[in-house]
Amino acid sequence: MSDTAPAEAAHAAHGHHEELGFLRTYVFSTDHKMIGRQFLFLGLFMLMIGGLLAMMVRWELAWPETAVPGLNWIPEPYMYGGIIPPQTYNALFTMHATIMIFFVVMPIMVGCFGNFLIPLMIGTRDMAFPVLNMLSFWVGAVAGVLMLAGFFVAGGPAASGWTAYATLSAKAAYTGVDWGQNLWIISLMVLGVSSLMGSINYITTIVNMRAPGMSYFRMPLTIWSLFITAILLLLALPVLTAALAMLLFDRTLGTHFFLPEGGGQPLLWQHMFWFFGHPEVYVLVLPAMGVTSDLLSTFSRKPIFGYHAMAFSMIAIAFLSWIVWGHHMFISGMNPLLGTAFMMTTMVIAIPSAIKTFNWLGTLWGGSIRFTAPMLFALGFVSNFLIGGLSGIFMASTPVDIFIHDTYFIVAHFHYVVAGIIFALFAAIYYWFPKMFGRTMNEGLGKIHFVLTYIFFNLTFFPMHFLGVAGHMRRIYNPTQYEFLQPMQHWNVFITVSALILGASQLFFLYNFFWSLFAGKKADRNPWQANTLEWSAASPPPHGNFEAQPVVYRGPYEYSSPEVKEDWLPQNKQLGTTGAAARAH
Amino acid sequence: MLRWLPEDVSTFGPDIDSLFYLIYYITAATFIIVTVLMVWFVIAYRQKEGRRATYTHGNTTLEIIWTIVPAAILIVLSFMSVSTWARVKRHAPESDFELQVTAKQFNWEIVYPGTDGKFGTDDDKKFDNDLHVPVNKVVRIHLQSSDVIHSFFLPNLRLKQDAVPGRDILVWFEATKAGKYELPCAELCGFGHSGMKGWLYVHTPEEYAQWSGENLAAKPQ
């Protein structure tokens, strides 16, 4: 890896570390930066799998029951000469969603950037519990292996949707999937342990290990978002783990938590799942919001507009996320009076999201905007989040939800929000790549990647609203079976063609990423002229991060401050004699 | 975009559609305003030699305005939604036309109570996937499931309700136009989910009398 030489040089220079072997450096590392990189590679690997599964789903929807090119080697009964059977189709979308949520967005946004950035941005040497941190990654990797193992057991992987609604998921006879579903459950329980270890670590580190002067309200919004995310995970995951355990007992031990024939309640699963599931949505999107805030400020060369409003709106979102879960269940058979209550809370949670969007606009206003690849992706995130947020209002209104629930309108909505996170994810990778690997990614390729991704993302997901308005149900294998959907089938073809190009456009990223790892331009400490502490460490930072303990004098967004001649003012730069000198200069 | 909505033939459909349109106009206007501002800012405030960004940390008045205005709109929308929701889901009108629909992998089993008006007796009539009702008549359906969760979806009547095993959920509708309308399952229910569908036949009173005479009469067919 590219950081070997500087890291070893730093070790040698400081002379207070014994040389770590290959295993301790790259595999069972306790260095938060290496663990962050490990999460990144795990997430990127899973992103490729999740993306390819989506391509197969799209192929089936556009050209139902025709052979997928190049896949005729997959044996029966999983595929028939390249034709996807309904059972496999259900497994494809189930695994696509599960992988993208739990093994792409969470490992990269929370696992990778949480680990890599928290100690660097708050100015400390490492995480509070380095060994726990290492365990968190390896337990997560085991969960990934268990999840993928589902593809290789008889009956295939889980096929009851990522939401695994009981009773469908609670009895093997209903789906024909036996161990695939059990592995899915066990994998998510194991992953829950990984996330718990991570979140305990994040919270402890942020509370206790901030650099001198780094008060809570001098923390970058990325750190705020990761802090809140960790608290949400800590509180939400035990609920999911409990629900998963009950589901596993129903499947294997003959209990009836969710099975009515033994007195169980299928709706109990939905309540528990969404009590976890809605905070989970914000676990995914809050770090994206934090990163976007930092990048918009940095590349507009302007302080974030309304820092306190940004931090408090994230806290508000976190609180409200506990009382909106019922909006997933308006037509589930839950008491309709509860539907009214959950509609109210859901409308309220839209307010902090609106505040964030307007404050991002305010940040751009009057700026001096640099259109770098990370900035373009951050702008793309704002633009997609706007659409995803607005489309959420339709389904918050209970009467409208009666019609659009479980249609492609919902699919469009959550892809604009959750798949839209991939814009913040790419923004973060382009932005922090120099710090992570000591080299810079190619800007030109990054811009091409942005333009193609932005165009084909919208051409893929926007027309799904049209399908939803026409009543196109989710999770159907063959839309041409329905007379009322036949006039809309051309949209399915259009979406699939766009999705295939969107998928192919990611080759620009993959090539850029791996080429830059080894041959990218060497990065200096602060290539973006940014204020936050990580940019005052070497690129990449050595074990222990900083040469001397940084001291923080101000907030993270002092761009274009009148106090200095340059248009940035690092958090740890002491003004005084040097500041006066700079002004006189 | 909303021109793709299926034709509405229900009594409560116009209420739902008018909310749909209202939210569509509000969100479309918001989308246009924010997008125009964003494009304008991005172009107007691009990096130029010799110009420094405005040094400001925010504006409390502006922030209060853009908190209160969306809040007011969202609260009004909520209150507008309450009555329609209550009409569709909470206050089913009385009717002497009751049916039982039991979802099962992968069919809709439709039961007419027969001449005695009671379910679970010998003169019940069962049909798979074909639901016949008269036009302009309140239809009350006892929705059940015998295996997994299904969802009873009538796109043309703006009606959707999950069928939950172990529960008996009352749904109602009143069709305003005779015709043949599709009845798909909208909740993933297994490998046969796609293609689990029936047909709703809305008959004129004369047609319905004829159909029921032929199919629901007491004598065995």
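Here the structure is a predicted model, which means the values were calculated and not measured.

Parameters and conventions
Residues numbered from 1 in each chain as written. Chains lettered and ligands numbered in written order. Predicted model: local features only at pLDDT ≥ 70, side-chain atom pairs only at ≥ 80, totals over all residues. Helix = DSSP H or I, 4+ residues; strand = E, 2+ residues; numbered from the N terminus. Rg over C-alpha atoms; globule rule 2.2 N^0.38 Å. Buried ≥ 20, exposed ≤ 12 C-beta atoms within 10 Å, placed from the backbone. Contact = placed C-beta atoms within 7 Å. Expected span 1.5 Å × (residues − 1). Nonpolar A, V, L, I, M, F, W, Y, C, P; charged D, E, K, R; others polar. Domains from an automatic or database assignment. Axes fitted to C-alpha atoms, helices over the stretch in contact; angles between N-to-C directions. Parallel < 35°, antiparallel > 145°, perpendicular 65-115°, else oblique. Left-handed = near helix turned anticlockwise from the far one by under 90°. pLDDT = per-residue confidence, 0-100. Pairing = 2+ DSSP bridges.

*Asks:* Hey, could you run me through the overall build of chain B in this one?
*Replies:* If you tally the helices and strands in chain B, you get three helices and 10 strands. Along chain B, helices (α) and strands (β) appear in the sequence α-α-β-β-β-β-β-β-β-β-β-β-α when read from the amino end. Taking 17 Å as the expected radius of gyration for a compact globule of 221 residues, we find that chain B reaches 25 Å, considerably beyond that expectation. Projected onto the principal axes, the alpha-carbon positions of chain B cover approximately 95 × 35 × 30 Å. Taken over 221 residues, chain B has a buried fraction of 35%. Partitioning the contacts of chain B with sequence separation of at least 6, the portion at a separation of at least 24 is 65%.

*Asks:* What is the right way to read helix α17 (residues 489-519) of chain A from this model?
*Replies:* Helical geometry note: an α-helix holds 3.6 residues per turn, so side chains three or four residues apart project in the same direction. When the terminal C-alpha atoms of α17 of chain A are compared, their 46 Å separation across 31 residues agrees well with the 45 Å that a helix rising 1.5 Å per residue should span. At its buried positions, α17 of chain A is contacted by α3 (32-62), α15 (421-437), β1 (439-440) and α16 (443-469) of chain A.

*Asks:* Honestly, the interface of chain B and chain A in this entry has me stumped. Any pointers?
*Replies:* Put simply, an interface is often sized by how much accessible area is lost when its parts join up. The interface of chain B with chain A comprises 75 residues on the first partner and 82 residues on the second. Mapped onto the side of chain B that touches chain A, the elements with two or more residues apiece are α1 (13-44), α2 (60-90), β6 (150-154), β7 (159-163) and β9 (179-184) of chain B. Grouping the constituent residues of the side of chain B that touches chain A by class yields 41 nonpolar, 19 polar and 15 charged.

*Asks:* Explain the domain arrangement of chain B to me, please; I cannot follow it from the model alone.
*Replies:* Residue and element names in this part refer to chain B. Along its sequence, chain B is carved into domain 1 (2-48 + 55-90) and domain 2 (98-215). Each of domain 1 and domain 2 has a C-alpha centre, and these two points are 35 Å apart. Listed by partner, the interface residues are nine residues for domain 1 and 12 residues for domain 2. Across the side of domain 1 that touches domain 2, the residue classes break down as four nonpolar, three polar and two charged.

*Asks:* Sorry if this is basic, but what is going on with the packing of helix α9 (residues 266-300) of chain A against helix α12 (residues 373-396) of chain A here?
*Replies:* In a packed pair of helices, the relevant descriptors are the angle between the two axes and the axis-to-axis distance. Residue and element names in this part refer to chain A. Where α9 meets α12, the axes come as close as 9 Å, and the angle between the chain directions of the two elements is 130°. What the angle tells us is that α9 and α12 run oblique. Judged by the twist between their axes, the crossing of α9 over α12 is left-handed. Packed against α9, whose contacting residues are A288, T292, L295, L296 and F299, the element α12 presents P374, M375, A378, F381 and V382 at the interface. Residues belonging to the contact of α9 with α12 are distributed by class as follows: nine nonpolar, one polar and no charged.

*Asks:* Mind showing me how you'd approach the confidence of the model for chain A here?
*Replies:* Low pLDDT means the predicted coordinates in that region are not meant to be read closely. Residues and elements named next belong to chain A. Of the residues in chain A, 95% reach a pLDDT of 70 or more, and the chain-wide mean stands at 94. By mean pLDDT, helix α1 (residues 4-14) is the weakest element of chain A at 45, and α16 is the strongest at 98. Note that pLDDT drops below 50 for residues 1-15; the model gives that stretch 22 contacts with residues more than four away or on any other chain. Scored below 50 in pLDDT, residues 579-585 shows six contacts in the model against residues more than four places distant or in partner chains.

*Asks:* Where do I start with the environment of S313 of chain A in this structure?
*Replies:* All names here are of chain A. Considering the arrangement of structural elements, one finds S313 in helix α10 (residues 307-320). Taking the C-beta count within 10 Å as the criterion, S313 has 21 such neighbours and is therefore assigned buried. Distance from S313 to S353, taken between C-alpha atoms, is 7.4 Å for residues 40 residues apart in sequence. Other than its neighbours up to four places away in sequence, S313 contacts P352, I355 and K356.

*Asks:* I'm lost on the confidence of the model for chain B in this one. Help?
*Replies:* Of all residues in chain B, 98% have pLDDT values of 70 or greater, and the mean over the chain is 94. The ipTM, which scores confidence in the relative placement of chains, is 0.95 for this predicted complex, and the corresponding pTM is 0.94.

*Asks:* Teacher, can you tell me more about the sheet that holds strand β10 (residues 197-203) of chain B here?
*Replies:* Backbone hydrogen bonds hold the strands of a sheet together, and the pairing may be parallel or antiparallel. All names here are of chain B. The three strands are arranged β4-β10-β9 in an open sheet whose pairing can be described as mixed. The open sheet terminates on both sides in strands that have one partner only, identified here as β4 (130-134) and β9. When the angles between neighbouring strand axes are averaged without regard to direction, this sheet yields 25°. Strand direction decides the pairing type here: β9 and β10, joined by six bridges, are antiparallel. Within the sheet, the bridge partner assigned to E182 lies in β10 and is W199. Across the sheet, helix α3 (residues 205-215) is in contact with β4 and β10; its angle to β4 comes to roughly 130°.

*Asks:* Would you take a moment to explain the packing of helix α11 (residues 336-364) of chain A against α1 of chain B for this structure?
*Replies:* Running from amino to carboxyl end, α11 of chain A crosses α1 of chain B at an angle of 25°, the nearest separation of the two axes being 9 Å. It follows from the interaxial angle that α11 of chain A and α1 of chain B lie roughly parallel. Note that α11 of chain A runs across α1 of chain B; the crossing there is left-handed. Together, T357, L361 and L364 of chain A of α11 of chain A and V34, L37, M38, F41 and V42 of chain B of α1 of chain B make up the contact between the two elements.

*Asks:* I would appreciate a short explanation of the sheet that holds strand β1 (residues 98-104) of chain B in the present structure.
*Replies:* Residues and elements named next belong to chain B. Reading across the sheet, the five strands line up as β3-β2-β1-β5-β8 and stay open at both edges, with mixed pairing between neighbours. On the outer flanks of this sheet lie β3 (125-128) and β8 (169-174), each paired with one strand and no other. Between one strand axis and the next, the sheet turns by 25° as a mean value, whatever way the strands run. Relative to strand β2 (residues 107-112), β1 runs antiparallel, the two being bridged by five bridges. Bridge pairing in β2 links V101 to I110.

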